[in-house]
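Close look at the chain arrangement
The lines below spell out each chain.
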Amino acid sequence: MTVLAAVALLTSCVKGESLNDDDYVGGRDGAANSQARDYMMAIADDLVAGMLDELELALSINERGGSRSSHFTVGGPLTTPGSSWTVKAEDSPFYQLSIRCSGENTWDLDYSGDFALVSEENAYPTRVKMTASRYSHEDGEGWTVTLDGSREERLGYTCTFGTGSLQYVNTRGAGASGWNRMFGDLDMSVFKDGKEVDVCCLSFEGAPSQATFLRGL
């Protein structure tokens, strides 16, 4: 994204692209906001939802009584508090993600690695700690998550992101994959050489595509 979150952080992370200081000037133009929104949506979809996919895969293996897996290192029943599984498949974007049962229907997920956001070329050091609890309501089922994450990118740009509570809900039935409803706010702060230069929020109130993007709060 550029100046203030949008173009500064996003464009600075494109490897091999020639940039200069003139690319990082202020303004709230639509293109910059669109890039910033896409970046935050990638965090919510590719990163957070991807971690939830890994959790659901692990739980499905556990429910079948599997004690061995080519994808996970299995550390006991995943529904037993204290038990921990780790992604061991080196071709997984979540290689070495740990999943630990911390209570009834609650799991702590911890990931650290070079993760690609927006495009496959943009793989940079990313760290996420997340707690996921099963969500069940008459309208659907899914997950309530809290998370705290950070990411390092080129040219001195970094960001932190997180949420107090974000819900991923499936209202299409148990046989449908993914989540078609989201609720809550995802916040992000952007830093240049350690100095905060922008803050953004992606607010979900239903269909993910209809999320509201706010910048410079």
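What you see is a predicted model; the values in this text were computed from it and never measured.

A word on the confidence of the model for the protein chain
Of the residues in the protein chain, 85% reach a pLDDT of 70 or more, and the chain-wide mean stands at 85. Overall, residues 1-29 carries pLDDT values under 50, and its contacts beyond four positions in sequence, including any with other chains, amount to 84 contacts.

Some details on the sheet that holds strand S8 (residues 181-192)
In a beta sheet, neighbouring strands pair by backbone hydrogen bonds and run either parallel or antiparallel. Strands sit in the order S1-S2-S3-S4-S5-S6-S7-S8-S9-S10 across an open sheet of 10 strands; the sheet is antiparallel. In this open sheet, the two strands that pair with only one neighbour each are strand S1 (72-73) and strand S10 (212-215). The pairing of strand S4 (residues 106-116) with strand S5 (residues 123-137) spans 11 bridges and is classified as antiparallel. In the sheet register, Leu109 faces S5, and the bridge partner there is Met130.

Focus on unusual backbone geometry
The phi dihedral of Asn105 is positive, around 60°, even though this residue is not glycine. Residue position: Asn105 is located in the loop between strand S3 (98-103) and S4. The class of Asn105 is partly exposed, set by a relative accessible area of 38%. Of note in this structure, Leu155 is not a glycine but carries a positive phi near 60°. As for its position among the elements, Leu155 is in the loop between strand S6 (140-152) and strand S7 (157-170). Using a relative accessible area of 38% as the deciding quantity, one classes Leu155 as partly exposed.

Reading guide: rules and limits
- Residues numbered from 1 in each chain as written.
- Predicted model: local features only at pLDDT ≥ 70, side-chain atom pairs only at ≥ 80, totals over all residues.
- Heavy atoms only, no water.
- pLDDT = per-residue confidence, 0-100.
- Contact = heavy atoms within 4.5 Å.
- Pairing = 2+ DSSP bridges.
- Helix = DSSP H or I, 4+ residues; strand = E, 2+ residues; numbered from the N terminus.
- Buried < 20%, exposed > 50% of the residue type's maximum accessible area, 1.4 Å probe, protein only.

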